[in-house]
Amino acid sequence: MNEYRGLADIISTVEFNHTGELLATGDKGGRVVIFQREQESKNQVHRRGEYNVYSTFQSHEPEFDYLKSLEIEEKINKIRWLPQQNAAYFLLSTNDKTVKLWKVSERDKRPEGYNLKDEEGRLRDPATITTLRVPVLRPMDLMVEATPRRVFANAHTYHINSISVNSDYETYMSADDLRINLWNFEITNQSFNIVDIKPANMEELTEVITAAEFHPHHCNTFVYSSSKGTIRLCDMRASALCDRHTKFFEEPEDPSNRSFFSEIISSISDVKFSHSGRYIMTRDYLTVKVWDLNMENRPIETYQVHDYLRSKLCSLYENDCIFDKFECVWNGSDSVIMTGSYNNFFRMFDRNTKRDVTLEASRENSKPRAILKPRKVCVGGKRRKDEISVDSLDFSKKILHTAWHPSENIIAVAATNNLYIFQDKVN
Amino acid sequence: MFARGLKRKSAEDAEDADGGGAGVPAAPSYTLQRQSLLDMSLVKLQLCHMLVEPNLCRSVLIANTVRQIQEEMTQDGTWRVVAPQAAGRAPLDRLVSTEILCRSGREQEGEGDGPLPDPAPGQAPRRPQSSPWGLDGSREGRGGFQKSLDHIFETLENKTPGSVEELFSDVDSSYYDLDAVLTGMVGGTPSGPGLPAFAPAAAAPPSSTCRSDLGELEHAVEILVET
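Residues numbered from 1 in each chain as written. Chains lettered and ligands numbered in written order. Predicted model: local features only at pLDDT ≥ 70, side-chain atom pairs only at ≥ 80, totals over all residues. Heavy atoms only, no water.

- Named according to an unreviewed UniProt entry, chain B is Cell division cycle-associated protein 4 originating from Acinonyx jubatus.

- Under the annotation held in an unreviewed UniProt entry, chain A carries the name Serine/threonine-protein phosphatase 2A 55 kDa regulatory subunit B and is attributed to Acinonyx jubatus.

Okay, here's the thing in structure tokens:
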């Protein structure tokens, strides 16, 4: 079963909330669109579990930094949900510079019967009021409102690439190219710097932070990845400034594969803890790797996403595709991992069976409720029917952002400005 | 696979390198591939000034690639170094052209030397007194290429759009940039003040892929024009 939505702008982030009931997307125009899953209904079995638009709001606007004569893009880099604690939903959304906390709440009643105002809201002349009444709440059409509750600004000189909510639900972190800051949700005018890799001389800069995430259960632990393919695990109890890592994950370089592009393709574009908290997954340009937190010298699993690109690295460097930042996600049970590729392909790897599949998110190849057909890329030699040759791949169609429902086999795939939602057929 | 417009040239050069024996063009040699990669990287670093906000990660990765190439070329001695007799006149060009690369950073630093005259096409040497640094090395010297890299990073924090247009308004000055940067690269470590920054740090015999060849210069310009 699958469906798609056409959105006006390029989707830049996708995220399910903790129950999977809501799915949020952020786009290049600074908008957030939230989808809600329809409740199961006996009358409309075929519509069970479909996602419909729940709320749309403008999260960030373009800004201009007058000091540097630079425009600050309104593009939403990341959205992270807070766990639900009352009737309202809360999420963090961020662009390059500013993080905002949004409250999304429903209103289905409104007060009627004011004394000083009439039904249209116009003030009544007090002299005409002869009786008093108590306003009552009457049902109204459901309205979903999003209000900004906090704005966390002016704490990042460089571009924010990650935000992560801590398991204590009181703090979160925001990471840019060179620094990571810790925030308390209640305090917007200050943050605590916990990682700073900016060298005294910018001339000596050779490495940047590419992603960061809190451990799902240990509120003192977080990881951050770098452009040199390393991951550092830090413990905030050890010291205030976590410049010294507790663990350092790096795979030794394969000398036979060394080229001028080795460092670029080793740059990690995403890092994610498993739901269990025992593993981390990293995505670099050609592979996805799973690391055991207890083994720092190499990953326990490596999956080739599109190794056929290895011989094309020079072209991909020329057209800048080599700098594309793909994300990766775990399924709810940590048994399957998923990541995107080019030509609107995305890949899933089953860690237990070691089987993998390539699927395509495109309108031409999928109709609603049709089953996705596995795709295959042919590297050389004879191309079979249905296979695509490497040179025919469309590198402008890249799937950078995907999300997996926390407990069910429902995935959301962002293909440029279209969102695809795929579900396991359940009979 | 490589930069557009490069293939034919590479084949011709490869043919020349092989002594013109083969009638069929050979695959581009490793040296040429490496050179074109270097050129591409330098152009990318310059282009990044034009973005709304440069992507720091991308710039760092490209700069690291350039450093790698430079290190390797220094090690195997293909790094052409400025000959001493040319130091009298040519380095002024290079001072000027490196200055173009660095201009936006300098403006932010509030240099009191006043604006540099715009580089005019084909106008090679500058009058000494118009050089912002003078010949006495009043400006703290740094390796020419290292300086360019430094300023690229500083410029990422202090971008001024106006200077960027001047960077690209003149193809010939762009040639100066590439050539100056390439020939000015010596080991990447800061050396003495002013001119010595461009002096050879390691003696290396000029290789056969000498960049003073006009054809190669045109080729560099070609890359810039195409991008």
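1. Points about the pairing of strand β20 (residues 270-273) of chain A
Residue and element names in this part refer to chain A.
No. 1: Burial along β20 is two-sided: the face carrying D270 and K272 and the face carrying V271 and F273 are both buried.
No. 2: Across four bridges, β20 lies against strand β21 (residues 279-283) in antiparallel orientation. Looking across to β21, one finds that D270 is bridged to R283.
No. 3: Hairpin connection from β20 to β21: five residues lie between these consecutive antiparallel strands, with G277 at a positive phi of about 85 degrees. (Buried < 20%, exposed > 50% of the residue type's maximum accessible area, 1.4 Å probe, protein only. Helix = DSSP H or I, 4+ residues; strand = E, 2+ residues; numbered from the N terminus. Pairing = 2+ DSSP bridges.)

2. A few points about the pattern of salt bridges
Residues and elements named next belong to chain A.
No. 1: For the structure shown, the criterion picks out 32 salt bridges over all chains.
No. 2: A salt bridge links R138 to E112; the nearest nitrogen and oxygen atoms lie 3.3 Å apart. Residue R138 is found in strand β11 (residues 136-152), and its partner E112 is found in strand β10 (residues 99-112); the two are separated by 26 residues along the sequence.
No. 3: Judged by its relative accessible area of 42%, R138 falls in the partly exposed class.
No. 4: It is possible to trace a salt-bridge network through shared partners that takes in D9, D27 and R31. (Salt bridge = Lys/Arg side-chain N within 4 Å of Asp/Glu carboxyl O.)

3. Quick look at the interface of chain B and chain A
Often, the extent of an interface is quoted as the loss of accessible area on bringing the components together.
No. 1: With 33 residues of chain B at the contact, the number on the chain A side is 37 residues.
No. 2: Taken together, the two surfaces of chain B and chain A that pack against each other cover about 3100 Å², and 59% of this comes from carbon and sulfur.
No. 3: Viewed at the interface, chain A and chain B are joined by two salt bridges.
No. 4: Notably, a salt bridge pairs A:D320 with B:K44, separated by 2.7 Å at the nearest N-O pair.
No. 5: If you look at where chain B meets chain A, you find eight residue pairs in polar contact (both at pLDDT 80 or more).
No. 6: Listing elements by their share of the side of chain B that touches chain A, those giving two or more residues are α2 (30-47), α3 (56-75) and α5 (144-157) of chain B.
No. 7: The biggest single contributor to the side of chain B that touches chain A is α3(B), with twelve residues. (Contact = heavy atoms within 4.5 Å. Buried area = accessible area lost by both parts, 1.4 Å probe. Polar contact = N/O pair within 3.5 Å; in protein donor to acceptor, adjacent residues only side chain to side chain.)

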